[in-house]
Amino acid sequence: HLSIRRQRQMCIRDRIRIRDFEGAIMGMIQRLMSGDCFTAKFAAVQLFPVVYPNVTPASQQEVMTMYNTISQDETPQVRKQAAIVLNDMIKLIP
């Protein structure tokens, strides 16, 4: 039985070519993180575990840098979501 998150990951991966996916998604995450609204940052945090296994090693490093930045955000809701996603991120790191 697949979780909803896993089904979503598989759907995204199957529908978008990796090269196109990487350029588009990394830009989108950066735009979400640069917003003033905590809900945009919250959305960016949710994307990290989906994006990380599907990008090149250089972009994986960038995702980790962005995760580190957002985990120190001034907004408590964003930090809390980063802490929740941490478990998924740890599973992805070799």
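Conventions we followed
Residues numbered from 1 in each chain as written. Predicted model: local features only at pLDDT ≥ 70, side-chain atom pairs only at ≥ 80, totals over all residues. Heavy atoms only, no water. Helix = DSSP H or I, 4+ residues; strand = E, 2+ residues; numbered from the N terminus. Expected span 1.5 Å × (residues − 1). Bend = angle between axes of the 7 residues up to and from the residue. Buried < 20%, exposed > 50% of the residue type's maximum accessible area, 1.4 Å probe, protein only. Contact = heavy atoms within 4.5 Å. Salt bridge = Lys/Arg side-chain N within 4 Å of Asp/Glu carboxyl O. Polar contact = N/O pair within 3.5 Å; in protein donor to acceptor, adjacent residues only side chain to side chain. pLDDT = per-residue confidence, 0-100. Core = buried A, V, L, I, M, F, W, Y, C linked by side-chain atoms within 4.5 Å.

Focus on helix α5 (residues 76-92)
Stage number 1. Relative to the 24 Å expected for 17 residues at 1.5 Å per residue, α5 spans 25 Å between its end C-alpha atoms, a close match to the ideal helical length.
Stage number 2. Its axis deflected by about 40 degrees at Leu 86, α5 carries its strongest bend there.
Stage number 3. Among the residues making up α5, those that are buried are Val 78, Gln 81, Ala 82, Val 85 and Met 89.
Stage number 4. On its buried face, α5 sits against α3 (38-51) and α4 (57-70).

Points about the pattern of salt bridges
It is possible for side chains of opposite charge to pair when their charged atoms get near one another.
Stage number 1. Tallied over the full model, the rule gives one salt bridge.
Stage number 2. Between Asp 73 and Lys 41 there is a salt bridge, with its nearest N and O atoms 2.9 Å apart. Separated by 32 residues along the polypeptide, Asp 73 in the loop between α4 and α5 and Lys 41 in helix α3 bring together distant segments of the chain.
Stage number 3. Asp 73 gets classed as buried once you look at its relative accessible area, which sits at 11%.
Stage number 4. Take Lys 41: its relative accessible area is 13%, and that puts it in the buried class.

Observations regarding the side chain of Asn 54
Stage number 1. Checked against the element boundaries, Asn 54 lands in the loop between α3 and α4.
Stage number 2. Reaching out from Asn 54, the side chain makes a polar contact with the backbone oxygen of Val 50 at a distance of 2.8 Å.

Some thoughts on the confidence of the model for the protein
Stage number 1. Per-residue confidence for the protein gives a mean pLDDT of 85; residues scoring 70 or more make up 86%.
Stage number 2. Ranking the helices and strands of the protein by mean pLDDT puts α4 first, with 93, and helix α1 (residues 4-15) last, with 68.

Quick word on the environment of Lys 80
Stage number 1. The topology assignment puts Lys 80 in helix α5.
Stage number 2. Residue Lys 80 is classed as exposed on the basis of its relative accessible area, which comes to 57%.
Stage number 3. Sequence spacing of Lys 80 and Phe 42 is 38 residues, and the spatial spacing of their C-alpha atoms is 9.3 Å.

Observations concerning the nonpolar core
Stage number 1. Ranked by size, the top nonpolar core spans 20 residues in total, and within it Ile 29, Phe 48, Val 51 and Val 63 carry the most contacts.
Stage number 2. Secondary structure elements with two or more residues in this core: α2 (18-34), α3, α4 and α5.
Stage number 3. Each residue touching Phe 48, except ones within four places of it in the same chain, is listed here: Ile 29, Met 33, Val 63, Met 66, Tyr 67, Ile 70 and Met 89.

Describing the environment of Met 33
Stage number 1. For Met 33, the position within the fold is in helix α2.
Stage number 2. When neighbours within four sequence positions are excluded, Met 33 is seen to be in contact with Lys 41, Ala 44, Phe 48, Met 66, Thr 69 and Ile 70.

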